[in-house]
Amino acid sequence: PSAEAAPKKDFKVAWSIYVGWMPWGYAADTGIVKKWADKYGITIEVKQFNDYVESINQYTAGAFDAVTLTNMDALSIPAAGGVDTTAVIVGDYSNGNDAIILKGKDKLADIKGQTVNLVEFSVSHYLLARALESVKLAEKDVKVLNTSDADMASAYKTADVTAVVTWKPIVSTILESPDAKAVYDSSQIPGEIIDLLVANTEVVKDNPDFGKALAGIWYETMTELASKKEAKEHMAKASGTDVAGFDEQLKTTKLFSTPADALAFTSGADIKGKNELVAKFLFDKALLGKDAKSAEAIGIEFPDKSVFGDKANVKLRYDATFMQAAADGKL
Amino acid sequence: MTAIVFDKVWKEYGDHVVLERINLEIAPRSFVALVGPSGCGKTTFLRMLLGEEAATRGTILVDGKPLKVEPDADRGVVFQRYSVFPHLTVLQNVMIGREFETSRFLGKLFGAKRKQAEDEARTLLDAVGLNDHENKYPAALSGGMQQRLALAQALNRKPKILLLDEPFGALDPGIRADIHVLIRKIWNENDLTVVMVTHDLSEAFRLGTRVIAFERPRNRPEELERYGATLGSEAPGEIARPSGPQPGASITRDFEVWPKKIAAPVGGAASVPDTPSVAKAAE
Amino acid sequence: MTAIVFDKVWKEYGDHVVLERINLEIAPRSFVALVGPSGCGKTTFLRMLLGEEAATRGTILVDGKPLKVEPDADRGVVFQRYSVFPHLTVLQNVMIGREFETSRFLGKLFGAKRKQAEDEARTLLDAVGLNDHENKYPAALSGGMQQRLALAQALNRKPKILLLDEPFGALDPGIRADIHVLIRKIWNENDLTVVMVTHDLSEAFRLGTRVIAFERPRNRPEELERYGATLGSEAPGEIARPSGPQPGASITRDFEVWPKKIAAPVGGAASVPDTPSVAKAAE
Amino acid sequence: MRLLNIKPDRAWTVALAALPFFALIVAYMVGSGIRLAENPNDKLLPSFTAMAEAVKHYALEADPRSGLYLMWNDTLSSLSLLLTALAISTFIALVVGILIGLLPIAGATFGPVVAVASMVPPLALLPILFIIMGLGDGAKISLIVIGTTLKLVRDMALRVKDIPAELLIKAQTLGASTWQIALRVVLPQMLPRLIDSVRLEIGPAWLFLIAAEAIAADSGLGYRIFLVRRYLAMDVIIPYVIWITVLAFLMDLALRLLQRKAFPWFAGARTA
Amino acid sequence: MRLLNIKPDRAWTVALAALPFFALIVAYMVGSGIRLAENPNDKLLPSFTAMAEAVKHYALEADPRSGLYLMWNDTLSSLSLLLTALAISTFIALVVGILIGLLPIAGATFGPVVAVASMVPPLALLPILFIIMGLGDGAKISLIVIGTTLKLVRDMALRVKDIPAELLIKAQTLGASTWQIALRVVLPQMLPRLIDSVRLEIGPAWLFLIAAEAIAADSGLGYRIFLVRRYLAMDVIIPYVIWITVLAFLMDLALRLLQRKAFPWFAGARTA
Ligand SMILES: Nc1ncnc2c1ncn2[C@@H]1O[C@H](COP(=O)(O)OP(=O)(O)OP(=O)(O)O)[C@@H](O)[C@H]1O
Ligand SMILES: Nc1ncnc2c1ncn2[C@@H]1O[C@H](COP(=O)(O)OP(=O)(O)OP(=O)(O)O)[C@@H](O)[C@H]1O
Ligand SMILES: [Mg+2]
Ligand SMILES: [Mg+2]
């Protein structure tokens with residue numbers, strides 16, 4: 001259908017509040033988005049979502065051309081929903097942002113038998129699964145209770161909540177309680193929880209300018225974040241904290257501030273294995289679609305065109321083209 | 001020429017026969033008073049004449065033509081309650097008939113036409129003695145005044161037939177007497193055939209040129225012949241709503257009131273004695 | 001001994017004087033009929049006697065003692081509407097007075113006591129002619145039957161005073177006549193003083209041993225002296241609710257009905273002629 | 001004939017009533033067909049077959065992980081919360097409503113605070129509720145109770161005030177005490193009216209239940225909807241929404257039946 | 001004297017009304033005091049000073065990032081959505097309600113579908129709404145409209161059916177067409193009753209607005225509450241909740257005033 005599609009001029013990007021995605025809000029507010037859109041003669045609307053899941057659903061349903069999400073959600077929602085999705089920018093990976101917190105206990109193994117509050121089927125769930133593996137436990141050894149992220153902080157205050165898995169800044173809020181101990185975090189599984197900006201494969205294929213503009217916006221913002229004090233202040237404020245709080249979050253986020261860093265990670269050898277772990281987890285939870293027969297039901301393509309899983313059903317692609325162009329200064 | 005004819009009219013609701021084989025001719029300019037115990041079908045009879053309900057069998061003719069099957073401007077009506085529009089002032093209530101007639105789309109008149117309609121309405125208000133209250137809402141009027149207003153409103157479209165369903169049933173006896181004078185005046189001064197349902201036999205005989213009684217075959221009170229007797233006197237064993245299937249009501253008595261009253265020629269003076277002294281059974 | 005005494009009683013609502021300087025002595029076993037135009041304060045008078053409203057000034061004595069300031073079992077009442085409990089059957093409605101009396105906590109009787117209360121209630125239902133309907137709910141009764149029930153219910157606690165606020169105002173004339181017979185029988189057979197408000201002058205004269213008229217100083221209808229005349233006839237210019245500050249109403253006429261009626265000694269036969277022929281002004 | 005006088009007969013009434021439902025189904029099928037033609041994996045408007053399969057999976061096959069029939073388990077869990085909460089609010093509304101409506105002192109004291117409190121958006125109180133009640137069923141029940149009780153109390157108080165003053169006077173002239181009046185005159189007259197009020201609160205109660213289950217739960221219809229919303233499983237959400245609608249409708253029907261059977265006097269008294 | 005006959009006078013009425021509010025404030029202060037004594041950084045029950053400071057910060061100081069006074073900006077944004085939505089539902093309810101109530105044909109056609117649809121929990125429809133309406137104000141307005149209109153329509157239809165049949169007959173005997181009856185008899189009688197119905201929908205409308213703002217918004221009272229809820233900033237949430245309550249109360253008051261002033265005939269007709 002791309003052949004007869006009229007050239008698209010207007011694009012919509014959805015993002016939600018999370019340390020690794022705050023630059024999008026800053027870029028939109030300060031005109032960086034407009035600058036790059038103008039350069040390519042297109043318009044880009046950047047829309048902030050309060051609700052992360054809703055932003056992904058909107059993208060999956062076709063209301064948005066691009067969205068910020070994690071690699072795991074990219075696989076389980078748009079990709080499993082038949083929407084061929086391309087990771088245009090690999091922004092960071094969680095390096096301690098996600099954590100398991102126990103109340104009054106400081107060993108992960110103490111989690112056995114407890115009720116664990118987390119957002120079911122989210123990266124928290126994945127982190128829990130990986131953590132349990134590391135101490136030779138399985139999910140049946142704990143009881144999972146689905147709890148909304150917005151209420152995690154207040155939930156922790158109640159007596160019957162003793163174990164939670166969540167992400168920053170909620171983690172920071174919870175850790176303010178003296179009895180809260182982080183017993184496991186994503187720095188122990190580096191590179192497995194990856195934060196991406198993905199776009200509809202068809203749209204970027206037909207409109208490479210859109211991809212280029214996105215890369216241009218992202219890396220200019222990265223530069224400003226590193227160099228300008230106001231940039232960090234803006235992002236800190238928008239995420240409801242101050243610079244110190246924001247720095248604390250950045251500390252546990254492995255942000256790829258240059259295209260070269262991002263390229264190195266995306267084209268590296270590790271990424272395939274990490275995605276495979278994620279796919280296995282999703283298959284275990286029946287999140288790869290009803291008809292999925294194995295963790296390989298959905299194909300994931302990497303920059304070197306190698307594919308994990310079903311080559312006939314590639315729905316998630318790591319595409320280094322635009323990061324490469326940024327690294328080469330060809331935007 | 002006969003104004004209204006009921007020809008073997010039946011009315012049934014499902015299994016429940018309300019009226020049975022009604023045969024009736026009503027002469028033009030008569031004032032028919034309809035009496036009968038509660039639930040015998042007086043209101044149903046009126047609703048058929050109004051066009052609100054269709055007869056199950058038989059035909060109703062008005063001036064030789066079958067009755068229009070829905071209420072229309074040729075038949076005016078006043079009910080015991082809810083006969084005037086609560087959201088309109090007295091003047092607006094009377095005027096609205098003309099507005100419906102003249103302004104098909106908005107149902108509202110402006111400018112000179114409005115002025116004219118207002119003047120017309122004021123004449124009618126004068127006739128019913130409400131000229132001092134034209135800007136009040138009905139809720140601010142007493143029950144008797146509301147019924148006067150309802151009469152003025154009904155007369156505005158100059159109907160040929162005026163139907164009244166216990167129009168004065170909710171009024172105090174004192175107020176009733178006044179309004180009786182008014183309704184007789186209206187009947188005399190307009191080219192009207194009046195059919196009035198009432199519970200009050202003395203009212204029926206005082207106003208009507210003809211009194212018709214409806215009843216179910218059972219419990220027909222024999223006192224009816226005694227002028228002024230109570231109708232269907234409420235015996236201790238009486239039940240409010242008759243239960244079980246029963247035959248429908250039909251006409252059991254049809255009196256011509258004596259001395260014969262006739263309506264004054266339109267515009268002329270009334271020639272009606274104040275109270276009837278003797279009632280003569282028509283059959 | 002005087003049953004009820006009003007001593008310079010005033011009733012005001014804020015600025016609005018409703019009743020002005022009411023002086024009145026009501027003898028035991030009298031049947032007082034209270035008449036007067038709408039809004040003159042008849043209901044207010046009754047509510048004071050009931051204890052529902054306190055007098056603004058003056059005192060009300062019953063058997064020499066100041067009136068209890070709230071309604072109680074020594075004064076029974078029947079209103080025009082809403083006088084029986086819709087959720088209770090006829091029998092339960094009559095019985096409930098005894099239940100309130102005997103079962104302080106549950107207000108409900110069981111076993112032998114219940115049986116006894118039921119039998120008592122049945123006797124009363126017999127007296128008002130409702131014995132065949134004891135298991136019906138009030139909504140299934142006609143208006144007249146509901147008022148009979150209300151009377152039976154009120155009599156159950158053997159009140160010394162019975163207050164009636166237009167008890168038959170909503171009934172058809174035919175049905176009224178029957179219930180008039182009943183109320184007279186009740187008055188004769190029980191040790192009762194009756195105070196009845198009515199709009200119907202002929203009812204007042206037919207039933208009352210004494211007729212009292214309340215009126216505001218303005219528009220006192222002079223027709224009142226003419227027996228049977230309409231009261232406060234609704235002139236075309238009449239307004240439903242008097243507007244502007246006005247002096248309160250007070251007693252303008254106080255008739256003793258002639259020939260003098262007296263209540264039969266309790267349990268004896270009535271010695272009351274059916275209709276009064278002459279009315280004599282008491283002052 | 002005037003349009004307002006045209007009354008469709010029985011057959012037409014049924015046909016006309018079916019029309020919009022039919023139109024909705026057709027519209028859905030067309031929309032779904034178009035989207036599925038573009039992307040066979042589209043999740044937004046699944047085909048009826050896909051929904052039927054999802055229902056089969058959730059309602060007729062035991063979940064391999066827990067061994068439960070998820071849809072029945074969810075229904076049971078939601079209904080027990082909902083009915084418990086409604087029972088509590090109904091009871092509170094009856095007691096407090098009668099107090100406020102019958103006793104001027106109680107009305108003066110609690111009337112204003114209830115009026116103001118009923119304007120508070122209950123959802124915003126959730127965090128506080130969780131702290132006090134914990135994350136279990138207590139908090140969910142409390143949310144529903146808070147969300148529905150105040151309205152019910154106001155309704156009841158108004159209904160009590162609607163009782164003709166004559167009846168209360170009459171009871172007093174029969175010697176009744178305040179307590180006896182409350183117990184034998186007001187309470188029995190309120191019960192059928194309470195059913196009317198409760199019927200109106202079924203909708204809000206579901207709303208609050210779903211909102212509460214979205215926040216912390218491990219079963220329940222609202223929990224399932226919000227869980228599968230994570231991967232846009234409309235093939236589950238749509239049947240669940242329809243199922244909730246059916247349940248709400250059945251509850252309404254049951255209450256209407258109860259009212260008719262348990263209070264035979266009420267139909268007559270209401271029209272009078 | 002029986003308890004039910006004791007009527008507090010004016011001064012007592014005011015005092016009694018103030019009592020529960022006073023008790024609530026004291027209870028809060030005690031609770032907050034205890035928690036703050038234990039942990040001065042406790043966020044759950046902030047002191048009044050902390051709340052006052054938060055209000056000052058949000059209402060009286062311009063946000064350095066956007067230059068906006070956040071609380072006013074949130075209020076404006078929420079109110080404009082809410083009022084737009086309520087205006088739309090009111091209009092729809094008036095037109096459709098009159099149609100259903102007045103015309104038997106329309107009643108037969110739309111009555112059942114409206115009755116069933118009004119049982120659907122609107123929150124569950126949100127994802128679909130966002131897709132169809134986009135994420136702008138459209139979806140939020142739609143949610144409120146969907147959540148309130150159906151109830152309003154049913155209410156209106158019932159009210160129209162409550163018009164005594166006598167009045168409609170009378171209008172016909174004055175020669176009115178269906179259209180004239182709708183325009184001059186039914187519509188003007190419905191307007192004040194519509195106000196009553198709309199007043200009841202203010203609460204639900206806020207609920208839906210908050211729910212919608214929780215998902216996609218960049219300003220609005222509900223947005224702010226959900227944003228700061230993540231950090232348990234009760235010092236912001238509590239004043240915001242109070243503020244919403246005040247706004248709802250004022251809207252209710254305004255509608256009551258409007259009803260009284262614009263429809264002088266209504267008070268008399270209602271009691272009659
Ligand atoms: N729409 C209807 N459907 C079924 N039955 C009806 C309907 N309308 C009237 N009836 C029945 O028809 C009978 C006659 O009713 P109608 O109102 O005509 O009596 P009525 O003589 O006017 O009584 P009343 O003196 O009390 O006004 C009653 O038994 C009533 O229940
Ligand atoms: N609670 C009240 N507050 C203020 N005014 C009142 C109150 N109750 C009655 N009134 C006024 O007192 C006057 C007398 O009223 P009341 O009901 O006693 O008249 P009534 O003679 O019984 O009239 P009707 O014949 O219409 O029943 C009226 O003007 C009424 O408006
Ligand atoms: Mg009738
Ligand atoms: Mg009175």
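Residues numbered from 1 in each chain as written. Chains lettered and ligands numbered in written order. Predicted model: local features only at pLDDT ≥ 70, side-chain atom pairs only at ≥ 80, totals over all residues. Heavy atoms only, no water.

**Focus: the overall build of chain A**
In step 1: A tally of regular secondary structure across chain A gives 14 helices and 14 strands.
In step 2: Its C-alpha atoms give chain A a radius of gyration of 20 Å, near enough to 20 Å, the size a compact globule of 331 residues would have.
In step 3: C-alpha atoms of chain A, sized along the principal axes, occupy 55 × 50 × 30 Å.
In step 4: Every one of the 331 residues in chain A was classed for burial, and the buried ones make up 63%.
In step 5: In chain A, 75% of the contacts between residues at least 6 apart in sequence involve partners at least 24 apart.
In step 6: Positive and negative side-chain charges of chain A, numbering 37 and 47 respectively, have mean locations separated by a distance of 2 Å. (Helix = DSSP H or I, 4+ residues; strand = E, 2+ residues; numbered from the N terminus. Rg over C-alpha atoms; globule rule 2.2 N^0.38 Å. Buried < 20%, exposed > 50% of the residue type's maximum accessible area, 1.4 Å probe, protein only. Contact = heavy atoms within 4.5 Å. Lys, Arg positive; Asp, Glu negative; His and termini not counted. Charge placed at Lys NZ, Arg CZ, Asp CG, Glu CD.)

**Regarding the sheet that holds strand β2 (residues 16-26) of chain C**
Residues and elements named next belong to chain C.
In step 1: In space, the four strands of this open sheet follow the order β2-β1-β4-β5, with antiparallel pairing throughout. In this open sheet, the two strands that pair with only one neighbour each are β2 and β5 (65-66).
In step 2: Examined bridge by bridge, strand β1 (residues 4-13) and strand β4 (residues 57-62) share five bridges and lie antiparallel to one another. Along β4, the bridge assignment pairs Ile4 with Val62.
In step 3: Taken strand by strand, helix α1 (residues 42-50) contacts β1, β2 and β4, and its axis lies near 120 degrees from that of β1. (Pairing = 2+ DSSP bridges. Axes fitted to C-alpha atoms, helices over the stretch in contact; angles between N-to-C directions.)

**Things to note about empty space enclosed by the protein**
In step 1: For the coordinates displayed, the defined rule picks out six cavities of 30 Å³ or more.
In step 2: Roughly 670 Å³ of internal volume is contained in the largest cavity.
In step 3: As for the largest cavity, its lining consists of 32 residues, and the residues nearest its centre are Asp51 and Ser148 of chain A together with Ala214, Phe226 and Arg229 of chain D.
In step 4: Counting residues per element, the ones that place at least two in the lining of the largest cavity are α3 (52-61) and β7 (143-147) of chain A, α8 (178-215) and α9 (221-228) of chain D together with α5 (126-133), α8 (178-215) and α9 (221-229) of chain E.
In step 5: Looking at the lining of the largest cavity, its residues break down into 19 nonpolar, five polar and eight charged.
In step 6: There is about 320 Å³ of room inside the second largest cavity. (1 Å grid on protein atoms, 1.4 Å probe; cavity = no way out; pocket = protein on both sides within 12 Å on 5 of 7 lines; lining within 4 Å. Points joined across faces, edges and corners; volume = space filled by probe spheres on them. Nonpolar A, V, L, I, M, F, W, Y, C, P; charged D, E, K, R; others polar.)

**Brief notes about the site of ligand 1**
Residues and elements named next belong to chain B.
In step 1: The environment of ligand 1 is formed by 13 residues, the closest being Ser38, Gly39, Lys42, Thr43 and Thr44.
In step 2: Here an oxygen atom of ligand 1 and a backbone polar atom of Gly41 are 2.9 Å apart.
In step 3: Taking Thr44, its side chain carries an N or O atom lying 2.5 Å from an oxygen atom of ligand 1.
In step 4: Its free accessible area being 630 Å², ligand 1 has 65% of it covered by the protein chains.
In step 5: Residue assignment for the shell around ligand 1 shows that the elements contributing at least two residues are β2 (16-26) and α1 (42-50).
In step 6: Class assignment of the residues belonging to the shell around ligand 1 gives a composition of three nonpolar, seven polar and three charged. (Near = heavy atom within 4 Å. Polar contact = N/O pair within 3.5 Å; in protein donor to acceptor, adjacent residues only side chain to side chain. Areas by Shrake-Rupley, 256 points an atom, 1.4 Å probe, with all protein chains shown as cover.)

**A word on unusual backbone geometry**
In step 1: The omega torsion across Lys168 of chain A and Pro169 of chain A is 10 degrees, close enough to zero to call that bond cis.
In step 2: Structurally, the position occupied by Pro169 of chain A is in the loop between β8 (163-167) and α7 (170-175).
In step 3: Although it is not a glycine, Arg21 of chain B adopts a positive phi angle of roughly 45 degrees.
In step 4: Considering the arrangement of structural elements, one finds Arg21 of chain B in strand β2.
In step 5: Phi at Asp63 of chain C takes a positive value of approximately 50 degrees, unusual for a residue other than glycine.
In step 6: Positionally, Asp63 of chain C belongs in the loop between β4 and β5.

**Points about the site of ligand 2**
Residues and elements named next belong to chain C.
In step 1: Surrounding ligand 2, one finds 14 residues, the nearest of these being Ser38, Gly39, Lys42, Thr43 and Thr44.
In step 2: One nitrogen or oxygen atom from the side chain of Thr43 is found 2.6 Å from an oxygen atom belonging to ligand 2.
In step 3: Coverage of ligand 2 by the protein chains reaches 65% of its 640 Å² of free accessible surface.
In step 4: Of all the secondary-structure elements, those providing two or more residues to the shell around ligand 2 are β2 and α1.
In step 5: Among the elements that take part in the shell around ligand 2, α1 stands out by supplying four residues, more than any other.

**Here we look at the packing of α9 of chain E against helix α10 (residues 234-262) of chain E**
All names here are of chain E.
In step 1: Between α9 and α10, the shortest axis-to-axis distance is 10 Å and the interhelical angle comes to 160 degrees. Between α9 and α10, the interaxial angle falls into the category roughly antiparallel. For the crossing formed where α9 meets α10, the hand is left-handed. When α9 is examined against α10, the residues Leu221, Arg224, Ile225, Val228 and Arg229 are found in contact with a partner set consisting of Val236, Ile237, Tyr240, Val241, Trp243, Ile244 and Leu247.
In step 2: Grouping the constituent residues of the contact of α9 with α10 by class yields ten nonpolar, no polar and two charged. (Parallel < 35°, antiparallel > 145°, perpendicular 65-115°, else oblique. Left-handed = near helix turned anticlockwise from the far one by under 90°.)

**What about the relation of the copies chain D and chain E?**
In step 1: Laying chain D over chain E is done by rotating through 180 degrees and shifting 0.1 Å along the axis; what remains is an RMSD of 0.1 Å. Expressed as an axis order, the relation between the two copies is that of a two-fold axis. Distance from the rotation axis, computed per C-alpha, reaches its smallest value in chain D at Pro204 of chain D: 4.1 Å.
In step 2: Taken together, the interface assignments show that 100% of the residues at the interface of chain D recur at the interface of chain E, consistent with an identical surface on both copies. (Least-squares fit on C-alpha atoms with pLDDT ≥ 70 in both.)

**Quick notes on a nonpolar patch on the surface**
In step 1: The grouping of Val69 of chain C, Ile105 of chain D together with Met1, Leu3 and Ile6 of chain E at the surface amounts to a nonpolar patch, some 430 Å² of accessible area in total.
In step 2: Checked against the element boundaries, Leu3 of chain E lands in the segment before α1 (10-38).
In step 3: Among the residues examined, Leu3 of chain E registers a relative accessible area of 42% and is labelled partly exposed. (Patch = residues over 30% accessible without salt bridge, like charges linked within 9 Å, V, L, I, M, F, W, Y side chains within 5 Å. Salt bridge = Lys/Arg side-chain N within 4 Å of Asp/Glu carboxyl O.)

**Things to note about the packing of aromatic side chains**
In step 1: This structure, assessed with the given rule, holds 26 aromatic pairs over all chains.
In step 2: Look at Tyr93 of chain A and Phe265 of chain A: their rings are 5.2 Å apart centre to centre, the planes differ by 35 degrees, and that puts the pair in the tilted class. Taken as a pair, Tyr93 of chain A in strand β4 (residues 85-94) and Phe265 of chain A in helix α12 (residues 259-266) lie far apart in primary sequence, 172 residues in all. Accessibility classification places Tyr93 of chain A together with Phe265 of chain A in one group, the buried group.
In step 3: Between Phe45 of chain B and Phe214 of chain B, the ring centres sit 5.2 Å apart and the planes meet at 80 degrees, which makes this aromatic pair edge-to-face. Here Phe214 of chain B lies in strand β9 (residues 210-215) and Phe45 of chain B lies in helix α1, a separation of 169 residues in the sequence.
In step 4: A network of ring pairs unites the aromatic residues Tyr18, Trp21 and Tyr52 of chain A as a single cluster.
In step 5: Looking at Lys12 of chain A, its charged tip hangs above the ring of Phe64 of chain A, at a distance of 4.8 Å from the centre.
In step 6: The ring of Tyr156 of chain A carries Lys103 of chain A above its face, with NZ or CZ at 4.6 Å from the centroid. (Phe/Tyr/Trp six-rings, centres within 6.5 Å; stacked < 30°, edge-to-face > 60°. Lys NZ or Arg CZ within 6 Å of the ring centre and 35° of its normal.)

**Quick word on the confidence of the model for chain B**
Residue and element names in this part refer to chain B.
In step 1: Put simply, chain B has an average pLDDT of 79, and 79% of its residues get 70 or more.
In step 2: The lowest-confidence element of chain B is strand β11 (residues 278-281), averaging 40 in pLDDT; the highest-confidence one is helix α2 (residues 90-102), averaging 95.
In step 3: Scored below 50 in pLDDT, residues 219-245 shows 47 contacts in the model against residues more than four places distant or in partner chains.
In step 4: pLDDT under 50 marks residues 268-283. Its contacts with residues more than four places away, or in other chains, come to 37 contacts.
In step 5: In the predicted complex, the global pTM is 0.83; the interface-specific ipTM is 0.80. (pLDDT = per-residue confidence, 0-100.)

**Thoughts on the interface of chain D and chain E**
In step 1: Across the boundary between the two partners, chain D contributes 56 residues, which contact 57 residues of chain E.
In step 2: Both sides of the chain D and chain E interface together cover about 5,300 Å² of buried area, and 81% of this is carbon and sulfur.
In step 3: Taken as a group, Leu4, Met119 and Leu207 of chain D account for 13% of the area that chain D buries against chain E, more than any other trio of residues on that side.
In step 4: In this structure, the connection of chain D to chain E is made through zero salt bridges.
In step 5: The tally of links from chain D across to chain E stands at twelve residue pairs in polar contact (both at pLDDT 80 or more).
In step 6: Going through the elements one at a time, α1 (10-38), α4 (104-117), α5 (126-133), α7 (165-173), α8 and α10 (234-262) of chain D are the ones with two or more residues in the side of chain D that touches chain E. (Buried area = accessible area lost by both parts, 1.4 Å probe.)

**Comments concerning the arrangement of the chains**
In step 1: Comparison of the eight pairs of chains in contact shows the highest number of contacts for chains D and E.
In step 2: Regarding chain A and chain B, which are not in contact, the minimum distance between any of their C-alpha atoms is 45 Å.
In step 3: What separates chain A from chain C at the closest point of their C-alpha atoms is a distance of 44 Å, and the two make no contact.

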